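Here is what each chain is made of, one letter per residue.
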Amino acid sequence: KTQEDTEDVLVVVPGDTLWVKYKDPATEKEITGRITLLSEGGMELLDSKMTLECEKIRLGETFYLRVTDSDRDTTPERDTVVVKATSRCGDKIDLKLTETMGRSGIFTGKIEPKFLGDKIDGKLPTPNKIDSNLSAFFGDDIKFVYIDPMGVNSAVPVEHIRQGRINLGSDA
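Residues numbered from 1 in each chain as written. Predicted model: local features only at pLDDT ≥ 70, side-chain atom pairs only at ≥ 80, totals over all residues. Heavy atoms only, no water.

A. Spotlight on the overall build of the protein. Helix and strand content of the protein: 1 helix and 12 strands. Compactness check: the protein gives a C-alpha radius of gyration of 22 Å against a globular reference of 16 Å for 172 residues, more than 25% above the reference. The principal-axis extent of the C-alpha atoms belonging to the protein is close to 85 × 35 × 25 Å. At a minimum sequence separation of 6, the contacts of the protein that also span at least 24 residues come to 56%. Put simply, the protein shows about 11,200 Å² of open surface, and 51% of that area lies on carbon and sulfur atoms. The average position of the 24 basic charges and that of the 31 acidic charges among the side chains of the protein differ by 7 Å. (Helix = DSSP H or I, 4+ residues; strand = E, 2+ residues; numbered from the N terminus. Rg over C-alpha atoms; globule rule 2.2 N^0.38 Å. Contact = heavy atoms within 4.5 Å. Areas by Shrake-Rupley, 256 points an atom, 1.4 Å probe, with all protein chains shown as cover. Lys, Arg positive; Asp, Glu negative; His and termini not counted. Charge placed at Lys NZ, Arg CZ, Asp CG, Glu CD.)

What follows is the structure in structure tokens.
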């Protein structure tokens, strides 16, 4: 291609804002507007090969997460997004997912929930909320929440929620 072939091409990426100015030939009135290119985010819980959905694991295994959200790709470098994970026993952690490569808009990460422990004197242990582990019991549900700040069909941030589960009878 020559310079002339590409002169009228404007390269944009999701998240970019375009300012448009148009002169209506019938009225000679100038109209201006703004367009922001958005994408609808999504989140998946997957197997270790990142190919099949996998919402149940055993303690000692890993949840693999993938968020796809092109408008969160804000730089040519590998960007990050945050997914909040909460176990039914009350432990919480923020997971940082990293873009697979610059400009992909696909973010991946993983977490291996840790066994909280057995009852002591008939009482369940409480999670350590300041460590970097997500504690869980056998049979616990794990809630994963990704907040898409710029949904396509929403003026407010959109929550994407996925539910994982720790199988009963697993080996820790």
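Following the structure, the description resumes.
B. Inspection of the state of the cysteines at higher detail. Per the counting criterion, the structure on display carries 0 disulfides. You can see Cys54 has no disulfide; the closest cysteine sulfur is in Cys89, sitting 20 Å from it. (Disulfide = S-S within 2.5 Å.)

C. Quick look at the pairing of strand E12 (residues 158-166). Across the two faces of E12 the burial differs, with Val158, His160, Arg162, Gly164 and Ile166 buried and Glu159, Ile161, Gln163 and Arg165 not buried at all. As defined by bridge partners, strand E4 (residues 56-57) adjoins E12 across 2 bridges and the pair is classed as parallel. Along E12, the bridge assignment pairs Lys56 with Arg165. For strand E11 (residues 141-148) and E12, the ladder comprises 8 bridges, and the chain directions are antiparallel. Within the sheet, the bridge partner assigned to Lys143 lies in E12 and is Gln163. (Buried < 20%, exposed > 50% of the residue type's maximum accessible area, 1.4 Å probe, protein only. Pairing = 2+ DSSP bridges.)

D. Looking closely at the pattern of salt bridges. This model, assessed by the stated rule, comprises 12 salt bridges. A salt bridge links Glu112 to Lys114, with the nearest nitrogen and oxygen atoms 3.3 Å apart. Take Lys114: its relative accessible area is 33%, and that puts it in the partly exposed class. Across the pair Asp141 and Arg165 runs a salt bridge whose closest N-O atoms are separated by 2.5 Å. With Asp141 in strand E11 and Arg165 in strand E12, the pair connects residues that are 24 residues apart, well separated along the chain. Overall, the relative accessible area of 31% leaves Arg165 in the partly exposed class. (Salt bridge = Lys/Arg side-chain N within 4 Å of Asp/Glu carboxyl O.)

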